[in-house]
Amino acid sequence: MILLDGKALSTLLIDSVREKAVQLKPALAVILVGEDPASLTYVRNKQKACERAGIRYLETHFPVTVSQEELLRKIDEVNRDPAINGLIVQIPLPPHIRVPLVIRAIDPKKDVDGFHAYNIGKTVLSPEFEDLPPATPLGIVKLLDHYKIPIQGQEAVVVGHSNIVGKPISIMMLNRNATVTTCHIFTRDLKAHTKRADILIVAAGKPKLITADMVKKDAVVIDVGITRMKDGTLQGDVDFEAVSKKASYITPVPGGVGPMTVAALILNTIRATERQRSDE
Ligand code: NAD
């Protein structure tokens, strides 16, 4: 079994953009609402990655009571600021704020999370049109590519069909010529599907959902899930101890897909900056 070391590759990718960052002087704005502990950790990781890459990091931290109007005003201000190249609005948002409205308000050219319908649409078309693909799926594809894991012709099974992970990674695997099955909460016999996977990608948010009997020998297993357990530890969606004995490659949690998502945000910020400059 080979561990897919997302932490090491993330550092490598972030370091690889430093020269470009010196020339481009990119800036990334992050808007955070409230005090969700997971969000605070994610935002700090993004800040550290920006500092390492040489990207100017600008954070706006609103209280949980901020109105939707005020948040949209701030997004508009960032959209119009030519000195800012990327914008992330950290999700989840409090229930009085409508997430689709917020995502729609972000200038697609600055949408480094890749959540805007314009960027999703381009991602659906083909790999050549992927301008700013969703960050977590991009991180997964970079990880597979780095370890030279073939995608074309493989049976790829994705568990989870969220707009930010399950759906876009299914599409990106399809566009790389895998045969793709997407499973979700209403899938009747999950094991029947996961057992067939050459590449199994799990993004359900259910600790240890995938047990060893659900995985084919020598499968490549990508665990996107992150759940903080009562004892403070982080748990993936895959029973790592048992499944790692069967898999050919597997991501750890933490240290797998999480850091790759951060690296993908950095890559998207550089790409967004380059494209904005070439439009000028
Ligand atoms: P979500 O919470 O929006 O949706 C969960 C998906 O899993 C749905 O499609 C649902 O149908 C499916 N699902 C739930 N239980 C299932 C079951 N028992 N069997 C089959 N399918 C089931 O998903 P999300 O926002 O994509 O997040 C999923 C997990 O990935 C969470 O743990 C989240 O924290 C994590 N995540 C990690 C990163 C990262 O960078 N590592 C990024 C995004 C999300």
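Coordinates for the structure precede this section.
In this text the structure is predicted, and so the values were computed from the model without any measurement.

Peer 1: What exactly am I supposed to notice about a nonpolar patch on the surface here?
Peer 2: A cluster of nonpolar residues, Met1, Leu3 and Phe240, forms a patch on the protein surface that exposes about 270 Å² of accessible area. With respect to the helices and strands, Phe240 occurs in helix H10 (residues 240-243).

Peer 1: Please clarify how the sheet that holds strand S5 (residues 155-159) should be interpreted in this entry.
Peer 2: To summarise the sheet geometry, strands pair through backbone hydrogen bonds and adopt either a parallel or an antiparallel arrangement. Spatially, 6 strands are ordered S1-S11-S8-S7-S5-S6 in an open sheet, and the strand pairing comes out parallel. Each having just a single partner strand, strand S1 (2-3) and strand S6 (179-183) make up the two edges of the open sheet. When strand S8 (residues 220-223) meets strand S11 (residues 249-250), the two strands line up parallel, connected through 2 bridges. Bridging across to S11, Val220 finds its partner in Tyr249.

Peer 1: Got a minute to help me understand the nonpolar core in this structure?
Peer 2: Side chains of a nonpolar character, in soluble globular proteins, are inclined to be buried together. Ile140, Leu144, Met173, Ile201, Ile222, Val224 and Ile266 are the most contacted members of the largest nonpolar core, which totals 50 residues. Sort the elements by how many residues they give to this core and helix H11 (residues 257-279) lands first, with 10 residues. If we skip the residues at most four places from it in the chain, Val224 touches Thr136, Ile140, Val165, Ile201, Val202, Ala203 and Val257. One finds Val157, Ile210, Val221 and Val238 within the second-largest nonpolar core, a separate group that totals 16 residues.

Peer 1: What's the story with helix H6 (residues 117-125) in this structure? I'm lost.
Peer 2: An α-helix turns once every 3.6 residues. As a result, residues three or four positions apart point the same way. If you check which residues of H6 are buried, you get Asn119, Lys122 and Thr123. Projected down its long axis, H6 carries its buried residues within an arc of 100°, all on one side. Among the exposed residues of H6, those oriented more than 90 degrees off its buried face are Ala117 and Leu125. Tucked inside the fold, the buried residues of H6 contact helix H8 (166-175) and H11.

Peer 1: It is not clear to me how the site of the ligand should be interpreted in this structure. Could you clarify?
Peer 2: The local shell around the ligand holds 21 residues, among which His161, Ser162, Ile185, Ile226 and Thr261 are the closest. Of all the elements, H11 adds the most residues to the shell around the ligand, at 3 residues. Residues belonging to the shell around the ligand are distributed by class as follows: 11 nonpolar, 9 polar and 1 charged.

Peer 1: Please explain the sheet that holds strand S2 (residues 27-33) as it appears in this structure.
Peer 2: Sheet architecture is open: 3 strands sit in the order S3-S2-S4, paired in parallel fashion. At either end of the open sheet lies a strand with only one pairing partner, and these are strand S3 (56-62) and strand S4 (86-89). Recorded for the sheet is a direction-independent mean angle of 15° between the axes of neighbouring strands. Taken together, the 7 bridges between S2 and S3 define a ladder with parallel strand orientation. The residue bridging Leu32 from the neighbouring strand is His61, located in S3.

Peer 1: Whenever I open this one, the environment of Val253 confuses me. Can you help?
Peer 2: Tracing the sequence through the fold places Val253 in the loop between S11 and H11. Residue class for Val253 comes out partly exposed when judged on its relative accessible area of 22%. As for Val253 and Thr123, which are separated by 130 residues in sequence, their C-alpha atoms are 27 Å apart. When sequence neighbours within four positions are dropped, the list of residues in contact with Val253 reads Asp223, Gly225, Leu234, Gln235 and Gly236.

Peer 1: Would you take a moment to explain the packing of helix H1 (residues 6-16) against H11 for this structure?
Peer 2: Relative placement of two packed helices is described by the angle separating their axes and the distance separating the axes. Close contact between H1 and H11 brings their axes to 8 Å; oriented N to C, the two are set at 15°. For the element pair H1 / H11, the angle class is roughly parallel. The hand of the H1/H11 crossing is left-handed. Listed contacts from H11 to Gly6, Lys7, Leu9, Ser10, Leu13 and Ile14 of H1 are Pro259, Met260, Ala263, Ile266 and Leu267. For the contact of H1 with H11, the residue count by class is 8 nonpolar, 2 polar and 1 charged.

Peer 1: It is not clear to me how the packing of aromatic side chains should be interpreted in this structure. Could you clarify?
Peer 2: To describe a pair of aromatic rings, you give the distance between the ring centres and the angle between the ring planes. Across all of its chains, the model carries 1 aromatic pair by this definition. Judged by centre distance (6.3 Å) and plane angle (70°), the rings of Tyr147 and Tyr249 are edge-to-face. Of the two residues, Tyr147 sits in the loop between helix H7 (135-146) and S5 while Tyr249 sits in strand S11, which places them 102 residues apart along the sequence. Look at Tyr147 and you get partly exposed, because its relative accessible area is 21%.

Peer 1: Which parts of the structure should I look at to understand the side chain of Asp131?
Peer 2: Along the polypeptide, Asp131 turns up in the loop between H6 and H7. Take Asp131: its relative accessible area is 9%, and that puts it in the buried class. A polar side-chain atom of Asp131 sits 2.9 Å from a polar atom in the side chain of Lys122. Among all residues touching Asp131, those that are not within four sequence positions of it are Asn119, Lys122, Asn268, Arg271 and Arg275.

Criteria and thresholds
Residues numbered from 1 in each chain as written. Predicted model: local features only at pLDDT ≥ 70, side-chain atom pairs only at ≥ 80, totals over all residues. Heavy atoms only, no water. Patch = residues over 30% accessible without salt bridge, like charges linked within 9 Å, V, L, I, M, F, W, Y side chains within 5 Å. Areas by Shrake-Rupley, 256 points an atom, 1.4 Å probe, with all protein chains shown as cover. Salt bridge = Lys/Arg side-chain N within 4 Å of Asp/Glu carboxyl O. Helix = DSSP H or I, 4+ residues; strand = E, 2+ residues; numbered from the N terminus. Pairing = 2+ DSSP bridges. Core = buried A, V, L, I, M, F, W, Y, C linked by side-chain atoms within 4.5 Å. Buried < 20%, exposed > 50% of the residue type's maximum accessible area, 1.4 Å probe, protein only. Contact = heavy atoms within 4.5 Å. Arc of directions from axis to C-beta. Near = heavy atom within 4 Å. Nonpolar A, V, L, I, M, F, W, Y, C, P; charged D, E, K, R; others polar. Axes fitted to C-alpha atoms, helices over the stretch in contact; angles between N-to-C directions. Parallel < 35°, antiparallel > 145°, perpendicular 65-115°, else oblique. Left-handed = near helix turned anticlockwise from the far one by under 90°. Phe/Tyr/Trp six-rings, centres within 6.5 Å; stacked < 30°, edge-to-face > 60°. Polar contact = N/O pair within 3.5 Å; in protein donor to acceptor, adjacent residues only side chain to side chain.

Interpretation note: all reported values are geometric properties and have no functional meaning in isolation.
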